[in-house]
Structure formats: structure tokens, C-alpha cells
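Here is what each chain is made of, one letter per residue.
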Amino acid sequence: MSQILEIRDLKALAQRRVPKMFFDYADSGAWTEGTYRANEEDFHKIKLRQRVLVDMTNRSLESTMIGQKVSMPVALSPTGLTGMQHADGEILAAKAAEDFGVPFTLSTMSICSIEDVALATTKPFWFQLYVMRDRDFVRNLIERAKAAKCSALVLTLDLQILGQRHKDLRNGLSAPPKFTPKHIWQMATRPLWCMQMLQTKRRSFGNIVGHAKNVSDLSSLSVWTAEQFDPRLSWDDVAWIKELWGGPLILKGILDVEDAKMAARTGADAIIVSNHGGRQLDGAPSSISMLPKIVDAVGDMIEVHLDGGIRSGQDVLKAIALGARGTYIGRPFLYGLGAGGKAGVTLALDIIRKELDITMALCGKRDIRNIGRDVIAQGL
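Reading the values: the criteria
- Residues numbered from 1 in each chain as written.
- Predicted model: local features only at pLDDT ≥ 70, side-chain atom pairs only at ≥ 80, totals over all residues.
- Heavy atoms only, no water.
- Helix = DSSP H or I, 4+ residues; strand = E, 2+ residues; numbered from the N terminus.
- Expected span 1.5 Å × (residues − 1).
- Buried < 20%, exposed > 50% of the residue type's maximum accessible area, 1.4 Å probe, protein only.
- Salt bridge = Lys/Arg side-chain N within 4 Å of Asp/Glu carboxyl O.
- Pairing = 2+ DSSP bridges.
- 1 Å grid on protein atoms, 1.4 Å probe; cavity = no way out; pocket = protein on both sides within 12 Å on 5 of 7 lines; lining within 4 Å.
- Points joined across faces, edges and corners; volume = space filled by probe spheres on them.
- Nonpolar A, V, L, I, M, F, W, Y, C, P; charged D, E, K, R; others polar.
- Axes fitted to C-alpha atoms, helices over the stretch in contact; angles between N-to-C directions.
- Left-handed = near helix turned anticlockwise from the far one by under 90°.
- Contact = heavy atoms within 4.5 Å.
- Right-handed = clockwise from strand over helix to strand, strands pointing away.

Here we look at helix α4 (residues 89-100)
Turning to step 1, where the next piece is worked out: For α4, spanning twelve residues, the distance from its first C-alpha to its last is 16 Å, which sits close to the expected 16 Å at 1.5 Å a residue.
Turning to step 2, where the next piece is worked out: Among the twelve residues in α4, ten count as buried, and that is most of the element.
Turning to step 3, where the next piece is worked out: Every buried residue of α4 is listed here: G89, E90, I91, L92, A93, A94, A96, A97, E98 and F100.
Turning to step 4, where the next piece is worked out: One or two steps after α4, the chain reaches G101, where phi turns positive at roughly 85°.

Right, here's the structure in full:
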């Protein structure tokens, strides 16, 4: 781990340690994966202004996201199957984020349950909600998040139907994994992962099994999941959820200016410019390419965050410069988790923090709250 200097190093190590089906789940997009690639590539097209002979002392990365203090404007994205990258993965990631002073967002489709993570942490985390056809289950999820003292609800809007991800279909992905010869071989070549998994009881979807109607095992879970994502989700449902929740609400999956304007009118506290990491509509624009347009349209009405494509602290700085008040990392922390558990997540956060701090200084700035479009090089 001492030779890991960038997120790409964590990715390579995670690929060696995590069974192929679960590594591919984290490291894939829909269809041709064009949007997945664009999320990263479009960051590289943005150039920064180098400034010299300015005071670079006493720098600060502290900021706020929806009014909550953060040590840097970065949160851990909600990611499904996190507990399959490493045993008890959601718990380990949440503890790393808590120690680092950044928000952790637990997915509805997590392996560890809301209650598991609440018992293992001392500070409030955020909870991400998928709206299912079973509205009683949705109500129950919200009540469980309240009981766990979650400090924000992140409502995902862009998964009414599931985008086709070829790697997952070819791998026959499931949690827990199936025991076909192919899956047994994938696990057998990752003995450390297997030993860690044998030491935990958390190997299925903890927020669903035992909580949803008639879901008590893997076979019933598969049927339930296939039927439950609600294609009828509408802005009326956002209002219903906002009233049920009653706390800070973040809307995730905004990639269009008109949708951003509608989201701002809901009274939510923030929106996340996101294309689901390129895992839904392949051929959609990258998140970072849409950020300035959405900020210009609604930035004075609602806090704007960005998710998708961030692989470095420089990417964080570019997103902040283009108007984001906060950013999210999904794959970078998953690579860290797969590579080294809690220590790997901490290392991923530390890599991003150091890159963000040094880049900010070299752009002639000392306080992340003062970063604006003036650090972006124009006309290159």
C-alpha cells in the first residue's frame, strides 16, 4: 500500500483482490460504456490557470454541503453491493468517512443494513432511497432512516428502469454469488476475499431481506427486485417523499436544465448532477459537461452537487470551480475498499485531499470556498 500514489493504483490492486463479477459491477457502464468513459475523459479537457508568486500558506479545504460541515467538499456516493467489494464494506466505508470528516451515503441496495451502519458509527450518515412499487416498504425505509438518525435523504431519480450492463449479465452477478463452476473459480482465485466473507453474516441485501413483503431468501429477493423499481415515478412522488422525510433532501440524477428547474421548485435542499456513473443512459452527456449549464440555470435557487467521473483531487477542484458546492466519489472509494478495506477507503480520500490541496495552491488559491471559474484556463 505504501507505493499507492493515485486512485488508478487502488483500482489495479482491487482488481487483483476482488472476484471478477463484483469488480466488474463497480467498474462498468451501460451498453457501449461511452458515457462512463466520457465522465472521466471530459475532466481532462478542462485546463487550469497556473498562478505564481502568491501566498500559499494557511490553506483550507473545509466547506459545507447542505449546511453540514465537511473537511473537504467530497462525499461518498451511494453504491449498491458495496459489501461485496469487501466483507462489511458499507460499515468500513462509513467509519472511514466519519473519521475523515466527509459524508457517507448508504444505498438502498447495500449489503449492510441501515441498522448495521448506525450501530457501527457515532455520527449521522446519509441514506439513499430508491422508490419501489411497494409504497409501504418505502415508508418503512424512510422511518428506519429516521430511527437511525440519518441527517439527509438522497432520492435517486434516474433508475425507474434498469440500464443494461453487459458485464453484469455475462458474469451472472448476484449477491450472494451463485455457485456455478465459473463463480466458484472466480472466488477461489481470491482467497483473502473468501476468508473475509466467511467471517461475516452480511452477504445479501440487508435493507430488503426480512423487511420487504415475502422476501426471506435469495430466490424471493430476485423476483421482488425485478418487479419493484417503479417506472411511474413522478414529481408528485418527490413531494410525497419530502413530506414523509421532513429533513434535508437531495435529488440525485439531474442531467438536464429543464429537469434541474423542476427539481429546484420542489423545495429540495440540493440536486446532484449525475448520469448514474454512466450506468443508465449510454450516450448521455458527461456530468461535468452539464454542470456549468445547470449551475447557470438554477444555482441561485438550489445547491448544486456533482457525481460522476471524479478520479482525483484535480477533478474535485474543476467541479467546484464550475459551480458545484459538493462532489461525490463512488468508484474511487470502492477501489480503495476492495484494495484494503477501511484503510483503503481512507487512502483514497487522502489521495484526493492531497491532490485537491496542492492543485488549489498552484492555482493561487488558499480557501476552497473562494474557488470560482477564474481558475479555469479559457480558450485552450
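Re unusual backbone geometry
Turning to step 1, where the next piece is worked out: The phi dihedral of W31 is positive, around 50°, even though this residue is not glycine.
Turning to step 2, where the next piece is worked out: Along the chain, W31 turns up in the loop between α2 (20-26) and α3 (34-44).
Turning to step 3, where the next piece is worked out: Phi is positive for L53, close to 55°, though the residue is something other than glycine.
Turning to step 4, where the next piece is worked out: Checked against the element boundaries, L53 lands in the loop between α3 and β1 (63-65).

Let's talk about the pattern of salt bridges
Turning to step 1, where the next piece is worked out: This model, assessed by the stated rule, comprises 26 salt bridges.
Turning to step 2, where the next piece is worked out: Measuring nitrogen to oxygen at the nearest pair gives 3.0 Å for the salt bridge that ties K45 to D42.
Turning to step 3, where the next piece is worked out: When its relative accessible area of 16% is taken as the criterion, D42 is described as buried.
Turning to step 4, where the next piece is worked out: Linking D136 and K213 is a salt bridge whose minimum nitrogen-to-oxygen distance equals 3.6 Å. Of this pair, D136 sits in helix α6 (residues 135-147) while K213 sits in the loop between α9 (191-198) and α10 (218-228); the two residues are 77 residues apart in sequence, bridging distant segments of the chain.
Turning to step 5, where the next piece is worked out: Take D136: its relative accessible area is 43%, and that puts it in the partly exposed class.
Turning to step 6, where the next piece is worked out: In this structure K213 comes out as exposed when scored by relative accessible area, which is 52%.
Turning to step 7, where the next piece is worked out: If you follow the salt bridges from partner to partner, you end up with R135, D230, R232 and D237 in one network.

Points about the sheet that holds strand β4 (residues 105-106)
Turning to step 1, where the next piece is worked out: Strand order in the open sheet formed by eight strands is β3-β10-β9-β8-β7-β6-β5-β4, and the pairing between neighbours is parallel. Each edge of the sheet is formed by a strand with only one pairing partner; in this case those strands are β3 (74-76) and β4.
Turning to step 2, where the next piece is worked out: In the sheet, strand β8 (residues 270-273) pairs with strand β9 (residues 303-307) via four bridges, with the strands oriented parallel. Bridge pairing in β9 links I271 to V304.

What to know about empty space enclosed by the protein
Turning to step 1, where the next piece is worked out: Inspection of the entire model under this criterion finds one cavity of 30 Å³ or more.
Turning to step 2, where the next piece is worked out: For the largest cavity, the calculated volume is near 50 Å³.
Turning to step 3, where the next piece is worked out: Taken together, Y130, V131, T156, L157, L159, Q160, F229, D230 and L233 make up the full set of residues lining the largest cavity.
Turning to step 4, where the next piece is worked out: Class assignment for the residues of the lining of the largest cavity results in six nonpolar, two polar and one charged.

Examining the packing of α6 against helix α11 (residues 235-245)
Turning to step 1, where the next piece is worked out: Two numbers describe how α6 lies on α11: the axes approach to 10 Å, and their chain directions differ by 40°. Every pair of crossing elements has a handedness; the one defined by α6 and α11 is right-handed. From α6, R135, V138, R139, I142, A145 and K146 reach across to α11, where they touch D237, W240, I241, L244 and W245.
Turning to step 2, where the next piece is worked out: In the contact of α6 with α11, the residues fall into seven nonpolar, no polar and four charged.

Remarks on the environment of G323
Turning to step 1, where the next piece is worked out: Of note, G323 is situated in the loop between α14 (313-321) and β10 (326-329).
Turning to step 2, where the next piece is worked out: Here the alpha-carbon distance between G323 and L291, two residues 32 residues apart in the chain, equals 7.3 Å.
Turning to step 3, where the next piece is worked out: Apart from the residues lying within four places of it in its own chain, the contact partners of G323 are V295 and V304.

Regarding the pairing of β9
Turning to step 1, where the next piece is worked out: β9 sits mainly inside the fold: five of its five residues count as buried.
Turning to step 2, where the next piece is worked out: What you see with β9 is no split at all: E303, H305 and D307 on one side and V304 and L306 on the other are buried throughout.
Turning to step 3, where the next piece is worked out: Read from β8 through helix α13 (residues 287-298) to β9, the crossover connection turns out right-handed.
Turning to step 4, where the next piece is worked out: Two strands pair when backbone bridges link them, and β9 and β10 are joined in this way by three bridges, in the parallel orientation. Residue pairing for β10: D307 is matched across the bridge by Y328.
Turning to step 5, where the next piece is worked out: Tracing the backbone out of β9, into α14 and back to the parallel element β10 gives a crossover that is right-handed.

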